[in-house]
There are 2 protein chains.
Amino acid sequence: MKDRPLILVTNDDGITAPGLRALIEVMNELGDVFVVAPDSPQSGTGHAITSNATIYCTAITIDEGDQIEYSSSGTPVDCVKLAVNEILNRKPDICVSGINHGSNSSINVIYSGTMSAAVEAGIEGIPAIGFSLLDYDWEANFEATKKYVKKITQKVLDHGLPEGVVLNVNFPKLKEKDIKGIRICRQAKAYWEEDFDKRTNPNGKQYYWLSGKFVNKDKGQDTDEWALANGYVSLVPVMFDLTAHHAIQKLNSLGFNEK
Amino acid sequence: MKDRPLILVTNDDGITAPGLRALIEVMNELGDVFVVAPDSPQSGTGHAITSNATIYCTAITIDEGDQIEYSSSGTPVDCVKLAVNEILNRKPDICVSGINHGSNSSINVIYSGTMSAAVEAGIEGIPAIGFSLLDYDWEANFEATKKYVKKITQKVLDHGLPEGVVLNVNFPKLKEKDIKGIRICRQAKAYWEEDFDKRTNPNGKQYYWLSGKFVNKDKGQDTDEWALANGYVSLVPVMFDLTAHHAIQKLNSLGFNEK
C-alpha cells in the first residue's frame, strides 16, 4: 500500500462523466485513487469557490473500480480543497483533473473548471495535471488518450513538476495511430468573439444565451493550437503567479506617485 | 462627448455595493460611464461564465449620477462580455472593476470575480484595472481610496497598458493622510489554509462551510502583501498568458515522447 501513490481525481463535467470514468480507469493502474468530483456539470466555472453557501460532500459508488469516491455540490476548486483539507488524511502525491469533454487549450484555460481544479492543487503544493479532449460530445471516445494520460502522469509521479507549475494537456480528436506524439507548448494568443443570442421569455422579458466563435490569430508553431491542429498532444506548463514581471519596469517609469 | 473617454464599470459585490457606487462617482469625473454589474453578490466567482443558463440584463437607475446602468444575472465576466459585445456600440476606452469589499492581493487575484472581470476586459483588448479595499465590511469607507482611484485611472487613460497586462490595485484600510503612496509590486507567494466547518442539517445530512486562514510566508519587500502591510497602495501588473515559459526547457528535458 505504502509504495502506491495516492492520486486525487476530479473534473468539472461531473462525477458520472465518461471522461472522468476513463481517467479513473487509467489511474487505478498507477496508484490508490481517491475521487472528489462535482455532482453536476460545472463547465466554465473557472476558479470559483463556494464561500456564501453550504457544500455537500457524500461518499458514493458509481462503478466496480477500486477507487474511493465522493460526490460534492461544490465547484471543482471546492472539491480539491475538500479532499486535501478535510477528507484525506495525507497529501495526495498527484492530482489529475478531467478528462474534460472539450478543449481547454489557449485562453480556455482561464474559464475552465477542470484546469482551475488542477491549478488549485498546484497552489496547495501538489503536482497536478488537467486533461482535455477536443470533443464536447458526452459520448466522446477517450480510448486514444489513455496511453498518453498514463505516460504523462507516470512521468510527473517520477520527476515532479517545477515549483508553481501545473500541466494543461489537450488531446486532438484522433485515433491513437494518428496521434504524432506530445509537444511542450505555450498558450496560443487566441480568444472568443462573443455573439449573444437575444431571446424573449414567455413573460415578455428579454434574456441572452452566451455563444461565440474561437478566433486564433497566433501563427506561432510553438503554441498549443498549432500542436493540436497538427496531430500532437499539447502540453502547456501553467502558472498561478499571475504577475506580469516584464511590465514592472515599464509601470515604474510612468510616475504613479507624481502629484 | 467624443473627447470624453467611455468607461465601463463593473464589480463582483453587486450593483448596489457601496464600493461600486464610490467607483462610479469617481469615474463620472473622468468620462462617460457605463455600468453593467451583477444583480447580486458574486464574490469568489473567479473567471466563471454562464454557458448553460440564461442571462438577464436590464437597464436600471440606482442613483442620480450621470452614468447609464444595467443590472445582470450573469457573473462579473458575463457582465463584461455583455457590455462589450452586445450592449455598447463602441469599445470602451477603459474598464474598471470594484471597488471590492475585501482584499484581492496575492493569490486572491485568482478567486476574485472583481479581478476576473478586469482580466476579461484585458482579453478583449481593453485597458483594465481592478480596485479592492482591505475591508470586507459592507459599510466600508472608500473615501481615502478616491484620490488614488482617479489618479491611477487617469494615468492608464493617458498612457495605456502594456499588451496582455491589467492592473490589480489594493488599498490598505487607512485614512488618506496615512497612505504613503503607490508601489508597483509582484503577487506575494501566499495561500489559504482551509479549515472546513462541518455541520449537520435538520435532516441529519452533513454539510460544510468553507473557511480558512491566509498564510503569507513570502518575506519579499517587493510584494503586494508587504506594500499593504506598510501603508502603501499596491499595484500588481497581472497577465492572462498563464504559460510558465521558464518551465518549457525543463519539461522538454524530461522525455515525454520516450517509449
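Since this is a predicted model, take the numbers as computed values, not measurements. (Residues numbered from 1 in each chain as written. Chains lettered and ligands numbered in written order. Predicted model: local features only at pLDDT ≥ 70, side-chain atom pairs only at ≥ 80, totals over all residues. Heavy atoms only, no water.)

Our focus in this paragraph is the overall build of chain A. The secondary structure content of chain A amounts to six helices and 13 strands. Against the compact-globule benchmark of 18 Å for 259 residues, chain A has a radius of gyration of 19 Å, which places it among compact chains. Across its three principal axes, chain A shows a C-alpha extent of roughly 65 × 55 × 45 Å. Across the 259 residues of chain A, 61% fall into the buried class. (Helix = DSSP H or I, 4+ residues; strand = E, 2+ residues; numbered from the N terminus. Rg over C-alpha atoms; globule rule 2.2 N^0.38 Å. Buried < 20%, exposed > 50% of the residue type's maximum accessible area, 1.4 Å probe, protein only.)

This part is about the packing of aromatic side chains. Two numbers describe a pair of aromatic rings. These are the distance of the centres and the angle of the planes. For the coordinates displayed, the defined rule picks out 13 aromatic pairs over all chains. For the ring pair Trp192(B) and Phe214(B), a centre distance of 5.4 Å and an interplane angle of 55 degrees mean the geometry is tilted. Of this pair, Trp192(B) sits in strand S9 (residues 190-194) while Phe214(B) is found in strand S12 (residues 212-216), placing the two residues 22 residues apart along the sequence. Relative to Tyr232(B), the ring of Trp226(B) has its centre 6.3 Å away and its plane inclined at 20 degrees; by these criteria the two rings are stacked. Through a chain of ring-to-ring contacts, the aromatic side chains of Phe131(A), Tyr148(A) and Phe171(A) assemble into a single cluster. Above the ring of Tyr232(A), the side-chain terminus of Arg183(A) is found at 5.1 Å from the ring centroid. (Phe/Tyr/Trp six-rings, centres within 6.5 Å; stacked < 30°, edge-to-face > 60°. Lys NZ or Arg CZ within 6 Å of the ring centre and 35° of its normal.)

Paired through backbone hydrogen bonds, the strands of a sheet run either parallel or antiparallel to each other. Residue and element names in this part refer to chain A. Taken in spatial order, the nine strands make up an open sheet running S3-S4-S2-S1-S5-S6-S7-S13-S8, and their pairing is mixed. The open sheet has two edge strands, strand S3 (57-60) and strand S8 (182-184), and neither has a second partner. Across the sheet, the mean angle from the axis of one strand to that of its neighbour is 25 degrees, orientation sign disregarded. Across four bridges, S3 lies against strand S4 (residues 68-72) in antiparallel orientation. Within S4, the residue paired with Cys-57 across the bridge is Ser-72. Here helix H1 (residues 18-27) sits on the sheet and contacts strand S1 (6-10), strand S2 (32-38), S4, strand S5 (94-101) and strand S6 (128-133); the angle it forms with S5, its principal contact strand, is near 145 degrees. Its contacts with the sheet put helix H2 (residues 76-87) on S1, S2, S3, S4 and S5, and the angle it makes with S2 is roughly 135 degrees. (Pairing = 2+ DSSP bridges. Axes fitted to C-alpha atoms, helices over the stretch in contact; angles between N-to-C directions. Contact = heavy atoms within 4.5 Å.)

Bringing helix H1 (residues 18-27) of chain B into the picture now. In an α-helix, one turn spans 3.6 residues; hence positions three or four apart end up facing the same way. Residues and elements named next belong to chain B. Among the ten residues in H1, eight count as buried, and that is most of the element. Within H1, burial applies to Gly-19, Leu-20, Arg-21, Ala-22, Leu-23, Ile-24, Val-26 and Met-27. In the core, the buried residues of H1 are packed alongside strand S1 (6-10), strand S2 (32-38), strand S4 (68-72), strand S5 (94-101), strand S6 (128-133) and helix H4 (143-159).

Okay, the sheet that holds S6(B) next. Residues and elements named next belong to chain B. In space, the nine strands of this open sheet follow the order S3-S4-S2-S1-S5-S6-S7-S13-S8, with mixed pairing throughout. Among the strands making up the open sheet, the edge pair consists of strand S3 (57-59) and strand S8 (182-184). With direction set aside, neighbouring strand axes in the sheet form an average angle of 20 degrees.

Across the contact, 78 residues belong to chain A and 78 residues belong to chain B. With both chains or domains summed, chain A and chain B bury close to 7,200 Å², and 65% of this area falls on carbon and sulfur atoms. Of all residues in chain A, Tyr208(A), Leu242(A) and Phe256(A) give up the largest surface area on contact with chain B, accounting jointly for 11% of the area buried on that side. Linking chain A to chain B there are two salt bridges. For Lys81(B), the salt bridge is made with Glu194(A), and the minimal N-O distance between the two is 2.3 Å. Linking chain A to chain B there are 28 residue pairs in polar contact (both at pLDDT 80 or more). (Buried area = accessible area lost by both parts, 1.4 Å probe. Salt bridge = Lys/Arg side-chain N within 4 Å of Asp/Glu carboxyl O. Polar contact = N/O pair within 3.5 Å; in protein donor to acceptor, adjacent residues only side chain to side chain.)

Counted by the stated rule, this structure contains 32 salt bridges over all chains. Measuring nitrogen to oxygen at the nearest pair gives 3.3 Å for the salt bridge that ties Lys177(B) to Asp178(B). Salt bridges sharing partners connect three or more residues here, namely Arg21(A), Asp63(A) and Glu69(A).

This paragraph deals with the nonpolar core. Ranked by size, the top nonpolar core spans 75 residues in total, and within it Leu8(A), Val238(A), Leu8(B), Ile110(B) and Val238(B) carry the most contacts. Beyond its immediate chain neighbours, meaning those up to four positions away, Val238(A) contacts Val109(A), Met115(A), Val119(A), Gly164(A), Val165(A), Val166(A), Asn168(A), Leu242(B) and Ala244(B). (Core = buried A, V, L, I, M, F, W, Y, C linked by side-chain atoms within 4.5 Å.)

To continue, consider the pairing of S4(A). Direction of pairing for S2(A) relative to S4(A): parallel, over a ladder of five bridges. Paired with Phe34(A) across the two strands is Ile68(A), which belongs to S4(A).

Moving on to the relation of the copies chain A and chain B. For the pair chain A and chain B, the relating rotation is 180 degrees, the translation along its axis is 0.0 Å, and the fit reaches an RMSD of 0.0 Å. The symmetry that links the two subunits is that of a two-fold axis. Comparing contact sets, 100% of the residues at the interface of chain A also lie at the interface in chain B, consistent with an isologous, same-surface contact. (Least-squares fit on C-alpha atoms with pLDDT ≥ 70 in both.)

Of note, the bond from Gly98(A) into Ile99(A) is cis; its omega dihedral lies within 30 degrees of zero at -15 degrees. Note that Ile99(A) resides in strand S5. Non-glycine residue Ser106(B) carries a positive phi angle of around 50 degrees. Along the chain, Ser106(B) turns up in the loop between S5 and helix H3 (113-123).

A few words on the UniProt feature "binding site: a divalent metal cation" (unreviewed entry) in chain A. Residue and element names in this part refer to chain A. UniProt annotation of "binding site: a divalent metal cation" (unreviewed entry) refers to Asp-12, Asp-13, Ser-43 and Asn-100 when read in the numbering used here. Spanning 89 residues, the named residues form one tight spatial group whose C-alpha atoms are at most 9.0 Å apart. Considering the arrangement of structural elements, one finds Asp-12 in the loop between S1 and H1. According to the relative accessible area criterion, Asp-12 is buried, its value standing at 2%. When residues no more than four places from it in sequence are discounted, the contact partners of Asp-12 are Pro-38, Ser-40, Pro-41, Gln-42, Ser-43, Gly-44, Pro-76, Asn-100, Ser-112, Gly-113 and Thr-114. Relative accessible area serves as the criterion here: at 7%, Asp-13 is assigned to the buried category. (UniProt positions renumbered as here; feature names shortened; annotations may be inferred.)

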